[in-house]
Each structure stands twice: as C-alpha cells, then as structure tokens.
Amino acid sequence: MWLKPEEILLKNALKLWVAEKGNEYFVLQRRRGYGEGGGGLTGLLVGTLDTMMDSTSKVAPFRILHQTPDSQIYWSIACGGTKEEINQHWEWLEKNIMRTLSVFDSSDDITSFVQGKIRGLIAEEGKVSGVQEDDPEKFREALLRFEKWFDLPQKEKLVTYYSCSYWRGRVPCQGWLYLSTNFLNYQASSIYLYLDTVLSFHLVVSWNEIWRLEKTSNVILTESIHVLANGEDHYFSMFLHLSETFLIMEQLADYSIKRLFDKETFQEEPSLSDPLQITKRGLETNARNEQFRAFFRLPKEENLLEVYESFLWVPFSHFNTLGKICLSESYLCFASQDGSQCHVIIPMREVIGVEKPDRSSRALTVCVRGKRALRFSEVRDFERLGNAIRRRCGMTASPQHSASTEEVAMMVGQKESSKTVSNEALMTVFHPQDAENLDPKMLKEKMKEQSWNIHFSEYGRGTSMFCTKKTRDLIVRGVPEALRGELWMLFSGAVNDMAANPGYYSEIVDKSLGTSTLATDEIERDLHRSLPEHPAFQSDTGISALRRVLTAYAYRNPKIGYCQAMNILTSVLLLYAKEEEAFWLLVAVCERMLPDYFNRRIIGALVDQAVFEELIRMHLTQLTEHMTDLTFFSSVSLSWFLTLFISVLPIESAVNVVDCFFYDGIKAILQLGLAVLDYNMEGLISSHDDAEAVTILSKFFDNVTNKDSPLPQTVQQNSVGNNDKASSLSKVDISDLIKEAYEKYGDMKSEEVERMRKRNKLYVIQTLEDTTKQNVLRVVSQEVKFSVPQLDNLYALFKRQHFLSCYWTMNSPVLLHHDPSLAYLEQYQLGFHQFRVLFSLLEPWSLCSGNDALFLWAFRLLDENQDGLVNFKEFCCALDDHCTHDHLCLKTALSTGKGKVDLQAYLKQWQDEILKKEESIKDLPRINQAQFIQFSKTLYNLFHGDPEEESLYRAVARVTSLLLRMEEVGRRLQEPTSPTQAAPEGALLNREACSTPERSSDTPCATITLEAGSILQEVEWSFAFEQILASLLNEPVLVRFFERPVDIQARLDHAKGAQLKAKTNK
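Note that this is a predicted model, so its numbers are computed, not measured.

1. A word on the overall build of the protein chain
Moving on, step 1. Scanning the protein chain for helices and strands turns up 43 helices and 25 strands.
Moving on, step 2. In the protein chain, which comprises 1066 residues, the proportion classed as buried is 52%.
Moving on, step 3. Taking the contacts inside the protein chain whose residues are at least 6 apart along the sequence as the reference set, 67% of them involve residues at least 24 apart.
Moving on, step 4. Approximately 49,700 Å² of the protein chain is accessible, and the part contributed by carbon and sulfur atoms is 52%.

Now the structure itself:
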C-alpha cells in the first residue's frame, strides 16, 4: 500500500534491509529474514523480532523508498506484504512518474512532486475504501485492557494506543503503549523468558514528570522514541507510525505542561478545554492549527479548515509554483513546496470576488483589491474551494473591511485623534527626513526605497504581497527608515490583528490609564531607562506614548503584565511605528513570536538559550572543544534574546536585526548569535576565563556600526566602551554581519527550530522545577526533623497530589487561586480533599475510626489565612508533629511506666520551650464542655485497632474522671454553697465505673458522652490546657502510644504505591 511520505535514516537500516532493485530515484528493498537467502544471523534475529510482534505492528517485508542523486535523505512511500504487491507499485512508478521527473531541474522539486503524487493516491484510496481510521470496537477492547492493567482513576481518559517494543537494556519487550490525558502507560503484551527468569513489565509515567521526549537512533533500530522521567531512560521502538505516535506524545506532554505548570484553561481551544474529553483527533487538529498560525503569523483565533494542493501562477517569475492552499475563517494562504520559498497571505476582507472556474485546468482566479488577481490551477476540488472563498469573503465584509487597508488605518486614526493617542512614529517627529538632503547616506537610503518600490510593483504591496527569496535579500540589506514601520507590521502579522480589532487600543488606553497595580509601578520606574540617550525619550511626548502602550498591554494581558526588557523593545517600536501599531507589534512579539519570554520565569528565553547551546555544538565544534561548559553563553546571550540585540548594539545597528527578526522570527536571532561567536572564535578560544570572554564580546559589539544609517549623531548611540583601545579595533558593519549569518547558517529551517524548542522546553521547565524544589526543601528542613531524602520523597508526593487535583478538572481550588507571582513555597498547595487523601496515607493513625473529623480540624488549624489551601511547609510541620516524639509536647525526660512524673518541673520545661517560640500557654483558650466531649471521642477513635486498645480506653476513662474531679474541686473552692454541686459527684461515680475491667471497649466512650451531656445541661464547666496535659502525663500507656516511633520511610513507600489508587472523590 502507499504510505504517507516519511523521512528515514539508512545509517543503521541497511543492516535490516536488502536492496532488490533500484534506479536513479527509487529503490525497492526486502527485509532480512524474508524470501530467498534468509540473511544469516542478522536475518534470523530480524525474523525472530518480527515474529514476536503483534499483527498490528509487524513491519511489512517489502518497501519502496524515494531518493535523489544529490541527497542523502530517503523517503518511504510504499510497503507490501508480498513481492507481487510491491512489484505492482514499482511498475506504476516506472510508468507514471519516471518520465515526468526528468523535466525538473532541482532535487527539491522532484521530491515535492513525488510526495504530492503519493499523497494524492492515498487520498483517492481513502475516498474509494471509505474505511474509518479508528475502529470503535477495537478501541473499546483497548479501553477495557487499559482500565484492567493500570488501575488508574476512572476519570482518566484514554486518548490512543499503539503496539511497540520497549527496550530493557538490549532486550526488546513487545507490548502496548497507552497514551492517556495525564499518563504515559506501557504494558508488556505477554510474559517472556530471559535467563530462565519469568519477567513482565509495567510502566506508568505522568506527563508532568518527563524531562526529555525525543526521537533517537540506536545501533539496532533506525529510530526510536526516548523518554527521560524521574532519572530513568525509556526507549520505545518498532512503531508502525512512529511520527504519528511521537506527535501525539509531544502534544500530550505540552498540554500537561501548559495546564499544570502554566495553569492555562484553553478557553479559546474547545477541543482542549476539558481534560475528560481529550481525543487524538483534537490533539492532531490543535498541532496543525498551531503550525498553521506560526508559519503565516496569523491571530490565535484562526484555525486551519481546509487544505488543497495546487499550482499558483507567479507573474513576476512567469511560471506555476507547486504548493498548498490553506483556508481558515478569515484568511486564504498559500505556501510553495518546490523550494522557491514563496508564500502569500490574503485576508478575506481584501477579496472582492472569485471568477468562474476553468474546468479544463481545474483552476480558479481570486480577485483582490488593488486590481490584482491570483490564479490557482490543478485544484482537486476547485468548485468547493471557490464556494468556500465566496462565503467567507461575504461574511467578513464589514464597514471597516469594505475600505482599503490604508483607509481603515486612517479611520482608526481619526477615531483616536480626539484621544491622547499619538498618530505619528516618533522618528518622523524627532528626525524628519529632508528631501533636499543629498549627502551619500541619504542617497543610498533613497536607492533602498527605490528597490522596495520596484519590489512592490512586481510582488504587490500590503497584506497580499508575495514573500520570496528576493524579499529576504532586501531585508538582509536593510529596510529604509520610511518603510520600517509598515514592513514590521506586515511581516509580524500585527497588521491583521489591528484590522480585526478597530478601536480596541483606544478603548483599553482609556480603561488602563489611571489604574494602580504592581505592573504600573514597575512601568513608571523604567520609563526613563528606555533609550534615555534618544531625543524622543527625553521629552514628554515619547515618555507618554511609552507609558500608554506598556500600561495598555499590562491591562490586556495581566498574566504577563510588565516585564523588564519590554520597555526597551517598545521604545524601538515607537520610533518607527505609530502608537497603535507599536501596541499590536508588542502583542505579536509577546504572544506569538516570543512565547513565554516576558513572564516571571522567562521560560521562553531559557528554552531558546538551550536551543542556542545545541546549535553551538552542531555548528561551532571548535569552540565547544575548547569550552565544554556552554552555560557561559546562555548567561551572556540572555540579553541578546530578550531585547533582540537592542541592549548590546547601537540603535542604528539594532534596528537591522529587528528587521530580520520580524521576517524570520527567532531563527534570525539564533543565526546572528552564531555569527557573533564565529567572528570572535579566536579571541574566545584564547580567553582564560569568563570575564575575559565577556570583555571580548563587549568590545566587539561596541565596534559594530551601520555605515548606511541616515540618522544624525544626536540620534545614534555612542559606544559604551568607546575608548582608545576599542576604537583601535576594526569596525564591523551590521549589514555584513547579518549577511554572513544568513550565508553560513541560513539553511537552518524554522520547522527544525520549533522542534528543538519543544524538545528543550520540557528539560528547561523540569530544571526550574528542580531548583524550586531545592529552595523549598532548604527552607522546610529547618522547621522539621525529617531527613533530606525523606523531604525529597515527601515533596514528590505533595506535588503529585497537587496535580491530582488538576488532572481531571479545570475548576479545582488550586487552579482558581493560582497566582504565578507567589513565592515558591506557595506554588503548590492542597485543598482539603487532597489534603485528607495524602495525610491519611502518611500519618501514623490512618486506621483509626472517624479520622475525617481529625483531618478537618488539622486542616483548619494549618490554614491560617482561611483560603482553603495548605502549602508544603504547613503540611510538613503537621506531619512532623504527628510522626516525631513531640505529639503532645511530651519529652524524653519522661520515664515511661516508672511511677509518677514531676509535673511542675515538666510543665516549667515545656513552658520555657514554648516561650522561645514567642507563645504562651495562657494564649490557649480553655476547652468547654462540647469541645471536651469531642476531644474524648477523638482519643477513643485514635486507639481503635491498637494492640493496647483496652488499656488505652481505660486510661482515657481515668483521665476524664481526674479532670472532672479537678474541675469539681475548683468549683467547690469558688462556690462552696452551690446547689448544683451534687451533679458532678454523681458524674464522678459513673466515670469510676468506666474504668472497671468488666466494661467493653465501646462502653467508656458512650458513658462519657451521655454523662457529660447531662452535665452540660446543668453546669457550665471548662478545662485549661495545663490540666489536660498533666492528666495525660499521669497515664504511662498514653505516653507510650504518643511517643511510639513511626517509620516515616515505610509510610512514604506505602504512599508512593497507593497514591493514585487512593479515593479522591469529594
């Protein structure tokens, strides 16, 4: 059958496959162990492995690969179970494809054509067969096995499952991989023999515990999936569809990170908003939508609806380019697949009609404003596409959209002119261009503008402009000052955000100005630190505009609010863009182009630092050999990424970097970073320490210039290190540096950068989590007697219990009360129900009856701020009080079972210790009748099931009798003539009876309750804490019970195995 083309590596696969026939573009291979000549020992091993596999995961014995003469990359395009079947596919390729391939000039064009044809065949087969991809009956059977094998809570949602092998050392274990919403689960499908020992394997890993998730290659297999979790490496291989499996695993891990660590609720993603309804199709759709929006820089509301393969007539090149049409609610996009790097974005608001389609060539023409038209041909379902475009361009038409883009901007500007919002870029105000100035720099600036005008005339201007290699070449050479704001808006996609939200900025400016928050205080502090040497920010005009933009964004996105470096970036945006445009550019940067950069933990920047380190190892091997620890580059380059080199380069040079960033995204910053290190390679290798390396890079940046900048010296920044030694170094032009970066590292693909981002994000977040854990343990260890390993295990249990409250709902208390700005001690908290579950697994009296009331009182005691949550420190202190020898402040000085205790001496010692904690016994209130009754009940419940249960019951009876006698004596001294004194005397007789051996174990509790209830109606009485403590100390059996050592490690081990199975119902 035909396969969706997938890239494969033949480095190790040649050991498993034998070439049967081949030509210039295709090769037919047979798997060793099949057909003639079994393949010797290797064939025997391969045949044995294939025999062990389940029928759903067996590798087909024949396959066809596509290749090109000048490429090392192979693509699997077909497989077959028999030689006759695979030969039919081979003959079809020879008859229908081979002749056509000779007309192509490049290998990229050949590969794109072959892939398009194979996908078309698969689509046709799918329509004819009509077979559903998912079999409900098989999925139901898999669900039953999932529930039986893993014993997870019933709420856990199985997303999908795959047959695969798990490698235990060098031995493959065939089984099933079950991917659920919150867990990665693996179960061996059968018991196998190894070294005469029967082994079976079972694995459950939470997605939020994974440190690494990546595709790897090993000696035996071409590709496998590597999972690093809890310090252990897991390898899965022999998937029928490895890429699909990895995509689902990647999506589930990312979903877990966003939901559990970032506390996202996915309100704009209905398929992900409910963790109980996550599906494989929903995850795949979300992945496609994210990739679609990222490539075309579209608003986050856009979703990919339909995809069509077609040719687009490119008028400036006079040929048809093969690519894909991507249709969303409000945009029609096209991206080439033939290596021409041509793409175009057409907002539906710009479409004025669709001409009658040409049935002979299956073509349709889309007419857009500006008297332009785009002709798509060889569209498989061209009529459906035409109708979809007509419907959407009619739906998106509005009074604003009926006008041109320029008119929309003018209308918005007129609406805001009555407000305080500025309608001019600061550069035009503080440095207007003089048309009569004919100095060489201005002449070169005019030449740049002319080059761009020619480009506009050929490729279009505005939102529907063609973006090609020539566009990138012009960007690398530098954007003219007059066009910078317009092109930034276009390439970042901010122009679409602004057009879709007319009047939005002025509205939130009015709402946000005058508010006082932590973010606004930080903004005011940093306003005068933003490009202070530039004239625009030495005046109230620039400062006020900067204040409005930053305050408006903090109001729009309180999750980010304000972060340092945002002021520097926004200052540069305001120089070249109007105020509202600068706002939308900031939105594009913070929410789309640099995700998670501007928050408390700057996770996005740290992820890109990890990507940068990886690229250094790949491209600058000479540097890595000299400096094995690359963390230095992470620290020194952090400001490069956060400010897009604005903080280290003069402003006239930095804006050229920003030009490239808005066109190519983070890829441009990574390329430039590599070029900077490459340029300073010799100096960095010869440096003796980090300080010397920092000096080398600082001097280099001080000598980066922009020889073509038309800005006057009053606007240009002076080099920070502009001393004689620095000036003696050779100058480096920013255009030459950027050009070198593109020439050396421009083959880096944005898709690969995104994959590296995802691969490193898990590791970065888990590293930050580990740092947080160490900080928490350092603080808590000073308050409790647990050892560091015990605290480490306890933290893991507490954290997992926290996540258990979030796994199956979006409305848990910890999510609703989550505040990212809180200290690390408050990041993980438990509500009462989760506290009860975990505390019952760990505390030493888990078998006692009626412990729910005890847990509730303990929780209320710990929850001092009454927010319904308890943090890790509070939880540990409570558990420490239960598990150490300080349960009731009884000390080892007490001689258990050896007569009476010197109560006065002990109470004095206890009081001295309490005073050291700035607390006094007198601060404790007296206990009244109802509280005393409940206290007695609690003691009886604690003793339930204890080996000394009977003795403990009698001891409690004697304590209560003694307390009542003490109360009676005190009352007689105070009221010698009280008429109600007879009642306690009768009660005392009943208390004495409670201590007789003939009473059953349940009798004392009932007697005390009834008698105390009668006293409650007759006499008001209470006890002081000193009285209760002294009475308890008189009973050795009670002292032994509370002083009994607890094996906390055994409780921790028990909790690890029982935590997921514990009842979590509210």
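2. Looking at the packing of aromatic side chains
Moving on, step 1. Evaluated as defined, the whole model comprises 47 aromatic pairs.
Moving on, step 2. Centroid distance Trp488 to Tyr576: 5.6 Å. Interplanar angle 70 degrees. Geometry classified as edge-to-face. Of this pair, Trp488 sits in helix 13 (residues 484-492) while Tyr576 sits in helix 18 (residues 566-576); the two residues are 88 residues apart in sequence, bridging distant segments of the chain. Tyr576 shares its class with Trp488; the two are buried.
Moving on, step 3. Connected via pairs of aromatic rings, a cluster forms that spans Tyr795, Phe798, Phe832, Phe835, Phe839, Phe859, Phe872 and Phe875.
Moving on, step 4. Note that Arg212 overlies the ring of Tyr763, its terminal NZ or CZ placed 4.5 Å from the centroid.

3. As for the pattern of salt bridges
Moving on, step 1. A complete count under the given rule lists 39 salt bridges for this structure.
Moving on, step 2. Among the salt bridges present, the one from Arg547 reaches Glu524, with a minimum N-O distance of 2.7 Å. Within this pair, whereas Arg547 is found in helix 17 (residues 540-556), its partner Glu524 is found in helix 16 (residues 518-526), the two being separated by 23 residues in sequence.
Moving on, step 3. Overall, Arg547 belongs to the partly exposed group, its relative accessible area being 24%.
Moving on, step 4. What makes Glu524 partly exposed here is its relative accessible area of 40%.
Moving on, step 5. Across the pair Arg525 and Asp526 runs a salt bridge, and its minimum N-O distance is 3.5 Å.

4. Quick word on the packing of helix 6 (residues 242-261) against helix 30 (residues 750-780)
Moving on, step 1. Contact geometry for helix 6 and helix 30: axes closest at 11 Å, N-to-C directions at 35 degrees. The two elements helix 6 and helix 30 meet at a crossing, and its hand is left-handed. On helix 30, the residues touching Glu250, Gln251, Ala253, Asp254, Ile257, Lys258 and Phe261 of helix 6 are Lys758, Lys761, Leu762, Ile765, Gln766 and Glu769.
Moving on, step 2. For the contact of helix 6 with helix 30, the per-class residue count stands at five nonpolar, two polar and six charged.

5. Focus: unusual backbone geometry
Glycine aside, the phi torsion of most residues is negative, and most peptide linkages are trans.
Moving on, step 1. One non-glycine residue, Glu378, adopts positive backbone phi at about 55 degrees.
Moving on, step 2. Inspection of the secondary structure assignment puts Glu378 in the loop between strand 21 (372-377) and helix 8 (382-396).
Moving on, step 3. Owing to a relative accessible area of 37%, Glu378 belongs among the partly exposed residues under this scheme.

6. Section: a negative patch on the surface
Moving on, step 1. On the surface, Asp629, Asp689, Asp690 and Glu692 cluster together into a patch of negative charge.
Moving on, step 2. Of note, Asp690 is situated in helix 27 (residues 690-702).
Moving on, step 3. Look at Asp690 and you get partly exposed, because its relative accessible area is 44%.

7. A look at the sheet that holds strand 11 (residues 202-206)
By way of backbone hydrogen bonds, the strands of a sheet pair with one another, either parallel or antiparallel.
Moving on, step 1. Read from one edge to the other, the open sheet built from seven strands follows the order 11-8-7-6-14-13-12, with strand pairing classed as antiparallel. Two strands close off the open sheet at either side, each with one partner strand: strand 11 and strand 12 (210-216). Averaged over all pairs of adjacent strands, the angle between strand axes in this sheet comes to 30 degrees, irrespective of strand direction.
Moving on, step 2. Alignment of strand 13 (residues 224-229) against strand 14 (residues 232-237), held across six bridges, turns out to be antiparallel. Residue pairing for strand 14: Leu228 is matched across the bridge by Asp233.
Moving on, step 3. Together, strand 6 (158-168), strand 7 (171-180), strand 8 (183-188) and strand 11 form the strand contacts of helix 5 (residues 136-150), whose direction differs from that of strand 6 by roughly 60 degrees.

8. Considerations on the packing of helix 6 against helix 7 (residues 280-296)
Moving on, step 1. Running from N to C, helix 6 and helix 7 point in directions that differ by 85 degrees, and their axes come no closer than 10 Å. Here helix 6 lies roughly perpendicular to helix 7, going by the angle between them. Where helix 6 approaches helix 7, its residues Glu244, Leu247, Ile248, Gln251, Leu252 and Lys258 are matched on the opposing element by Lys280, Leu283, Glu284, Asn286, Ala287 and Glu290.
Moving on, step 2. Residues that form the contact of helix 6 with helix 7 fall into these classes: five nonpolar, two polar and five charged.

9. Section: the sheet that holds strand 17 (residues 331-336)
Moving on, step 1. Taken together, seven strands build an open sheet; the order of strands is 18-17-16-15-21-20-19 and the sheet is antiparallel. Looking at strand neighbours, the two that pair on one side only are strand 18 (343-347) and strand 19 (351-354), the edges of this open sheet. Adjacent strand axes in the sheet meet at a mean angle of 30 degrees, parallel and antiparallel pairs treated alike.
Moving on, step 2. In terms of strand pairing, strand 15 (residues 306-314) meets strand 16 (residues 319-327) through nine bridges, oriented antiparallel. Within the sheet, the bridge partner assigned to Leu312 lies in strand 16 and is Thr321.
Moving on, step 3. Packing against the sheet, helix 7 makes contact with strand 16, strand 17 and strand 18, and its axis sits at approximately 80 degrees to strand 17.

10. Regarding the environment of Ala1058
Moving on, step 1. Mapped onto the fold, Ala1058 is located in helix 43 (residues 1048-1058).
Moving on, step 2. A sequence separation of 217 residues divides Ala1058 from Leu841, and the C-alpha atoms of the two residues are 7.8 Å apart.

11. Brief notes about the state of the cysteines
Moving on, step 1. Counted under the stated rule, the structure contains zero disulfides.
Moving on, step 2. Cysteine Cys164 shares no disulfide, and the gap to the nearest cysteine sulfur, in Cys173, comes to 9.1 Å.

12. A short note on the environment of Arg954
Moving on, step 1. By the secondary structure assignment, Arg954 is in helix 38 (residues 949-974).
Moving on, step 2. Taking the C-alpha atoms as reference points, Arg954 and Glu1035, separated by 81 residues in sequence, lie 9.8 Å from one another.

13. A word on helix 11 (residues 440-459)
Moving on, step 1. Here helix 11 is 20 residues long and its end C-alpha atoms lie 28 Å apart, about the 28 Å a rise of 1.5 Å per residue gives.
Moving on, step 2. Among all positions of helix 11, only Met442, Glu445, Lys448, Glu449, Trp452, His455, Phe456 and Tyr459 are buried. End-on, the buried residues of helix 11 take up no more than an arc of 130 degrees, which puts them together on one face. The exposed set on the far side of helix 11, more than 90 degrees from its buried face, consists of Pro440, Met447 and Ser457.
Moving on, step 3. Contacts from the buried residues of helix 11 go to strand 21, helix 12 (469-477) and helix 13.
Moving on, step 4. Downstream of helix 11 by one or two residues, Gly460 has phi in the positive range, about 95 degrees.

14. Re the pairing of strand 4 (residues 62-66)
Moving on, step 1. In terms of residue burial, strand 4 counts as a mostly covered element, since five of its five residues are buried.
Moving on, step 2. Residues Phe62, Ile64 and His66 point to one face of strand 4 and Arg63 and Leu65 to the other, with burial holding for every one of them.
Moving on, step 3. Here five bridges tie strand 3 (residues 26-31) to strand 4, and the two strands are oriented antiparallel to one another. The residue of strand 4 that forms the bridge with Arg30 is Phe62.
Moving on, step 4. Pairing of strand 4 with strand 5 (residues 74-80) involves five bridges; the strand directions are antiparallel. What sits directly across from Ile64, in strand 5, is Ala78.

Conventions and cut-offs
Residues numbered from 1 in each chain as written. Predicted model: local features only at pLDDT ≥ 70, side-chain atom pairs only at ≥ 80, totals over all residues. Heavy atoms only, no water. Helix = DSSP H or I, 4+ residues; strand = E, 2+ residues; numbered from the N terminus. Buried < 20%, exposed > 50% of the residue type's maximum accessible area, 1.4 Å probe, protein only. Contact = heavy atoms within 4.5 Å. Areas by Shrake-Rupley, 256 points an atom, 1.4 Å probe, with all protein chains shown as cover. Phe/Tyr/Trp six-rings, centres within 6.5 Å; stacked < 30°, edge-to-face > 60°. Lys NZ or Arg CZ within 6 Å of the ring centre and 35° of its normal. Salt bridge = Lys/Arg side-chain N within 4 Å of Asp/Glu carboxyl O. Axes fitted to C-alpha atoms, helices over the stretch in contact; angles between N-to-C directions. Left-handed = near helix turned anticlockwise from the far one by under 90°. Nonpolar A, V, L, I, M, F, W, Y, C, P; charged D, E, K, R; others polar. Patch = residues over 30% accessible without salt bridge, like charges linked within 9 Å, V, L, I, M, F, W, Y side chains within 5 Å. Lys, Arg positive; Asp, Glu negative; His and termini not counted. Charge placed at Lys NZ, Arg CZ, Asp CG, Glu CD. Pairing = 2+ DSSP bridges. Parallel < 35°, antiparallel > 145°, perpendicular 65-115°, else oblique. Disulfide = S-S within 2.5 Å. Expected span 1.5 Å × (residues − 1). Arc of directions from axis to C-beta.

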